[in-house]
Amino acid sequence: LGGATMDNTTTLHSANWVFVGTYAVVFVAGLTLNLIALVVFFRHKKTRSHTTTYMTNLALADLLLVSTLPIRIYHHSGGSIQNQKMCETVGLILLVNMYGSIFLLTCISFDRCIAVCFPMSLRIKEHRKKAPLICLGVWILTIGASVPIYLSKNSTPTDGNITQSNKCFSSRPIYATQPLAITTTLTVGFGIPLFSMLVCSWCLIRAINKSTVAQTDLVNKKKIRRMIAANLAIFLLCFLPYHAMLFVLFLKRNTEQIEDNLLTVYQYSLMIACLNAMLDPLAYYFTTETFRTRVDVQNLKKKVWIFYSNSSDGQNRPHSPLNT
C-alpha cells in the first residue's frame, strides 16, 4: 500500500509540472501572439474583411482565457486555492472560450467558403456584413449555455475522493453526468461545427480546383490548402480529446468514485483545449492577407483584368475572388 501511494504521489508530482510548464508556455505565447494580432487587425483597417471581425473576437476570447492561466499555474504548482468561486469563474471562462473558439472557427471557415464559392452573389455579400451581429450571437450563446452549468455546480456534491483543498480543478464536470447536457454539448457544441468545417473545407478545395485563375500564378493553391489544413488541425487537436473524455465520463456517470487516472486524463484534455489560445494565431496567419507580405492589390487586380481580357472563353471565369 505504501509503495502504491508513493508511485501515485510521484506520478501526480510529474503531471503537475507538465501542467505548469504547458500553461506557462500558453500564457506567454498566447498573450504575445493575440496582442500582436489585435494590433495588426486594428492598424490595418483598410484591409480588414468580414472574416477579420470573427478573428478579432477570437483573439479577445483567447486573451480572456490567457488572463486566467496564472491561477491554474499556481494551483498545479502546489498552491492551495480556498476560494471555490474563483475556481468556478476560471472554469466558466475556459468553457466560454472553448465553445466561443469552436463557433468562431466554424464561422471563419463558413465565411471563407461562401466568399469563394459565391463571390458575385449580392445576397451573400449582405449576409457577410452581419459578422458583428453573428459574433454577438456567439458570445450570448456560449455565455448563456455555460453559466447554468456552473450555477448548478453548487448544489452538486463533489467526488468523495477529492478534498476541499485540492478540488478546485480536479472534480469531474457536472454536465458529464446529465444526458441532455452531454448530448447537446457533443452534438451542437462539437459535432455540428466539425461537420460544418469538413463540408466547408471540401467545398473550398473543390471551388479552388475548378477556378480558372487558380490554374495560373495569380492564386497560390498551396497556401489555401495550408489554410484549410491549419484550421482543421487546430480544431481537432484542441477540442477532440476533451469531447472524447466527456463521452467517457458520461459512460462512467453511475460510478460514485471514478478512477484517479481517468480524472488525470480529463485534466490533460482540458490542458490541450487551452492550446487553442496560442494556436489560433496560426489560423489568422493562413486566413487573412494582413499577416503576409503586403502586396500591391491594385496591381494584382490589373493582372486579373488582363487575364480576363485575354481569355478567349467568356464563360471561363474563376469561381473565387483573390481578395475576400
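Sequence order as written defines residue numbering, which begins from 1 separately in each chain. Under the rules for a predicted model, residues below a pLDDT of 70 receive no local features and side-chain atom pairs below 80 are neither given nor counted, while totals for whole chains, interfaces and linings still include all residues. The basis for every side-chain value is the complete set of non-hydrogen atoms in the structure, without hydrogens or water.

An unreviewed UniProt entry annotates the protein chain as Zgc:172079 originating from Lepisosteus oculatus. Here the protein chain is described in UniProt, under the heading Subcellular location (unreviewed entry), as follows: "Cell membrane". UniProt positions are given in the numbering used here, feature names are shortened, and annotations may be inferred rather than shown by experiment.

S.K.: Which parts of the structure should I look at to understand the packing of aromatic side chains?
M.R.: The description of an aromatic ring pair rests on the distance of the ring centres and on the angle between the ring planes. Geometry of aromatic contacts follows a simple scheme: Phe, Tyr and Trp rings, the Trp one being its six-membered ring, pair when their centres are within 6.5 Å, and the pair is stacked under 30 degrees between planes, edge-to-face over 60, tilted otherwise. Taken as a whole, this structure holds five aromatic pairs when the rule is applied. Between F19 and Y23 the ring centres are 6.3 Å apart and the planes differ by 20 degrees, which places this aromatic pair in the stacked class. With F19 and Y23 both in helix α1 (residues 2-43), this residue pair falls four residues apart, about one helical turn. Take F19: its relative accessible area is 4%, and that puts it in the buried class. Here the term buried applies to any residue with accessible area under 20% of the maximum for its type, exposed to any over 50%, and partly exposed to those in between, with areas from a 1.4 Å probe on protein chains only. Its relative accessible area of 1% is what places Y23 among the buried residues. Pairing F19 with Y268 gives two aromatic rings, centres 4.9 Å apart and planes at 35 degrees, and the pair type is tilted. Here Y268 lies in helix α9 (residues 260-274) and F19 lies in helix α1, a separation of 249 residues in the sequence. Taken together, the aromatic side chains of F19, Y23 and Y268 make up a single cluster linked through ring pairs. Helix numbers and strand numbers start at the N terminus; a helix is a DSSP run of H or I with at least 4 residues, a strand a run of E with at least 2.

S.K.: In this structure, what is going on with the UniProt feature "transmembrane region" (unreviewed entry) in the protein chain? I would like to understand it.
M.R.: Mapped onto this numbering, the UniProt entry annotates "transmembrane region" (unreviewed entry) at residues 20-42, 54-74, 89-110, 131-151, 180-207, 228-250 and 265-286. With 90% helix and 0% strand, residues 54-74 has its two end C-alpha atoms placed 32 Å apart. In residues 228-250, helix accounts for 100% and strand for 0%; the two terminal C-alpha atoms are 32 Å from one another.

S.K.: Sorry, what's going on with the pattern of salt bridges here?
M.R.: A side chain with one charge can pair with a side chain of the opposite charge if their charged atoms come near. Salt bridges are identified by distance alone: a Lys or Arg side-chain nitrogen within 4 Å of an Asp or Glu carboxyl oxygen. A complete count under the given rule lists two salt bridges for this structure. The partner of D111 in a salt bridge is R128, with the nearest N and O atoms 2.9 Å apart. In this pair, D111 is assigned in helix α4 (residues 84-117) and R128 in helix α5 (residues 122-128), connecting sequence segments 17 residues apart. Of the two residues examined, D111 and R128, each falls in the buried class. For the salt bridge of K129 with E126, the shortest nitrogen-to-oxygen distance reads 3.3 Å. Judged by its relative accessible area of 51%, K129 falls in the exposed class.

S.K.: Would you mind showing me how to read a nonpolar patch on the surface here?
M.R.: Exposure above 30% relative accessible area and the lack of any salt bridge qualify a residue for a patch; like charges then connect within 9 Å, and the nonpolar side chains Val, Leu, Ile, Met, Phe, Trp and Tyr within 5 Å. Only the protein chains shown count as cover for residues, and the accessible areas themselves come from Shrake-Rupley with a 1.4 Å probe. Taken together, the side chains of L133, L136 and I140 present a nonpolar region at the surface, about 330 Å² in accessible area. Within the fold, L133 resides in helix α6 (residues 131-151).

S.K.: Which parts of the structure should I look at to understand empty space enclosed by the protein?
M.R.: Vacant regions in the atomic arrangement are exposed by a probe of water-molecule size rolled over the atoms. For cavity detection a 1 Å grid was placed over the protein atoms alone, and a set of points counts as a cavity when a 1.4 Å probe fits there but cannot get out; an open set counts as a pocket when protein lies on both sides within 12 Å along at least five of seven lines, with lining residues being those that have an atom within 4 Å of a point. Grid points are joined across faces, edges and corners, and a volume is the space filled by probe spheres set on the points. Taken as a whole, this structure holds two cavities of 30 Å³ or more when the rule is applied. Around the second largest cavity, the lining residues are S109, M197, S201, L204, M227, I228, N231 and L232. The set of elements that each furnish at least two residues to the lining of the second largest cavity consists of α7 (179-210) and α8 (221-251). No other element matches α8, which puts four residues into the lining of the second largest cavity. Three classes are used, and their members are as follows: Ala, Val, Leu, Ile, Met, Phe, Trp, Tyr, Cys and Pro are nonpolar, Asp, Glu, Lys and Arg are charged, and the others, Gly among them, are polar. For the lining of the second largest cavity, the residue count by class is five nonpolar, three polar and no charged.

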